Amino acid sequence: MRGEEPRKRALLARALVRTTIARYQINSQVNPRSLRFRKNVHGKPELEWNFSDHWLSSPLHFNISHTSSLVACGVTINSQIGIDVEEKHRNIKHNILSFARRYFSKDEVQFLADILDPEIQRQEFVKLWTLKEAYVKALGRGFSGAPFKTFTIRNKGGGCFSPLENLNSEAWQIVVDSFDDPRDLTSNWQFLLLELAGSHYAAICMENIGAVEGKRTVPVKLKVWKTIPFLEDECVSGTDAVKSISGLK
Amino acid sequence: MASIATSSVFFPVSSSLKQNQVSNLKMVSLSFTGKNFRSLRLQPSRFRVACAAKPETVEKVCEIVRKQLALPADSAVTGESKFASLGADSLDTVEIVMGLEEEFGISVEEESAQTITTVQEAADMIENLKAKKA
């Protein structure tokens, strides 16, 4: 029944978060059911950590995203994270440029308008959408905390978010320019863009703790697991199921 | 040696309104001289008062939602329907808002767009914005 699907999805998402995070607990086995969550002032879910009978913010951060066919959960230690997944072949009902003009920044509209091939334009649109969503979710201030028009996400060297041979890592770094908030320096955030299972784009945005502390950017170590909660975990990093588009060496 | 005994006392809150009765009531928006006090964010509470939009508006919103989510014409979409429960993801919700802007000739700020989760809330917001335009 169609009505059942979103509820099943929400349940799966919750199971995924709990079983994933339980894997990271340091002190022996943790029952996923015992994990406690709360929402920050803007409504972003966070993990609470019991330390000497007090419930504090946990150094573990997570974020989830789901589409009709995939639920994703990203976990980091000591850094804010936002993740968004979208079907590769997703089409929108509106004209892409009309939509972009309404919601994206001027530079992003220009970037999309410059792409002549409609299929490539559609792909880049979906990638850009996931990157923007991931950034806003990482900030944790809600959609209105960082309206889409107030920041631009782009490749440092310009051009599409596509993998190339002989990547010059500097030129292919995904960066964000925020007009409104000077605190949101480009260097504070790292982006990854992946293709998952040949069917989805996944964008991950993480706080760059190294930059925040004035150190060099630390390269991201990413491990991807394909999981059936409570049943089966399969590490798919390094397989065809995970193709890095940008951000990973 | 003195011993201190503490005990917790619970006062169960009994309400004559059961959970499923409250869910039918909607949020009220406080308007002073035509401006909404955005800083007065009403947290979801047990008491919500209905300021319902016109049925035609609600029906139009249902139509737009059905179209966006490619739902069959006879699928159950009503004022109470939550976008997320109908299968809308974030991209769908933004498209729905865009569709509403086009249909009703209004402009929805992103802050307002974020607070809409049901058909009724969308319809109420539309009536609000249309009234402000007039």
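Below is a summary of the structure that appears in this document. Here the structure is a predicted model, which is why all the values come from computation and not from measurement.

Looking at the secondary structure, you find Asp 84 of chain A in strand S6 (residues 81–87). Nearest to the buried, unbridged Asp 84 of chain A among oppositely charged side chains is Lys 137 of chain A, at 4.3 Å. Reaching out from Asp 84 of chain A, the side chain makes a polar contact with the side chain of Ser 65 of chain A at a distance of 3.3 Å. When residues no more than four places from it in sequence are discounted, the contact partners of Asp 84 of chain A are Ser 65, Trp 129, Thr 130, Glu 133, Ala 134, Lys 137, Tyr 201, Ala 202 and Ala 203 of chain A together with Ser 90 of chain B.

Mapped onto the elements, Gln 68 of chain B comes out in helix H2 (residues 55–68). Residue contacts for Gln 68 of chain B: discarding those within four places in its chain leaves Lys 93 of chain A together with Asp 92, Glu 95 and Ile 96 of chain B.

Residues and elements named next belong to chain A. Strand order in the open sheet made by the four strands is S6-S10-S9-S13, with antiparallel pairing throughout. Of all the strands in the sheet, just S6 and strand S13 (242–246) have a single pairing partner and so form its edges. For this sheet, the mean inter-axis angle between neighbouring strands, taken without regard to orientation, is 25°. Lying over the sheet, helix H4 (residues 118–139) contacts S6, strand S9 (189–196), strand S10 (200–207) and S13, oriented at roughly 155° with respect to S6.

Before going further, it helps to spend a moment on the nonpolar core. Residues and elements named next belong to chain A. Within the largest apolar cluster, 64 residues are counted, with the highest numbers of intra-cluster contacts made by Phe 99, Phe 104, Leu 112 and Ile 153. The greatest single-element share of this core, amounting to ten residues, is contributed by H4. In contact with Ile 153, other than residues within four places in its own chain, are Glu 108, Leu 128, Leu 131, Lys 132, Tyr 135, Phe 161, Ile 174, Val 175, Val 176 and Phe 191. In this structure, Ile 81, Val 85, Leu 196 and Val 224 belong to the second largest nonpolar core, which totals 14 residues.

Contacts between the two partners involve 23 residues from chain A and, on the opposite side, 25 residues from chain B. For the pairing of chain A and chain B, the buried interface totals around 2,000 Å² over both sides, and the portion due to carbon and sulfur atoms is 53%. Taken together, chain A and chain B are joined by three salt bridges. Applying the counting criterion to the chain A and chain B interface returns ten residue pairs in polar contact (both at pLDDT 80 or more). Elements with a contribution of two residues or more to the side of chain A that touches chain B: helix H1 (4–22), S6, helix H2 (96–103) and H4 of chain A. In terms of residues, the side of chain A that touches chain B owes the most to one element, H2 of chain A, which gives four residues. In terms of residue class, the side of chain A that touches chain B is made up of nine nonpolar, five polar and nine charged.

Cut-offs used in this document
- Residues numbered from 1 in each chain as written.
- Chains lettered and ligands numbered in written order.
- Predicted model: local features only at pLDDT ≥ 70, side-chain atom pairs only at ≥ 80, totals over all residues.
- Heavy atoms only, no water.
- Helix = DSSP H or I, 4+ residues; strand = E, 2+ residues; numbered from the N terminus.
- Buried < 20%, exposed > 50% of the residue type's maximum accessible area, 1.4 Å probe, protein only.
- Lys, Arg positive; Asp, Glu negative; His and termini not counted.
- Salt bridge = Lys/Arg side-chain N within 4 Å of Asp/Glu carboxyl O.
- Polar contact = N/O pair within 3.5 Å; in protein donor to acceptor, adjacent residues only side chain to side chain.
- Contact = heavy atoms within 4.5 Å.
- Pairing = 2+ DSSP bridges.
- Axes fitted to C-alpha atoms, helices over the stretch in contact; angles between N-to-C directions.
- Core = buried A, V, L, I, M, F, W, Y, C linked by side-chain atoms within 4.5 Å.
- Buried area = accessible area lost by both parts, 1.4 Å probe.
- Nonpolar A, V, L, I, M, F, W, Y, C, P; charged D, E, K, R; others polar.

Nothing here speaks to function; it is geometry throughout.
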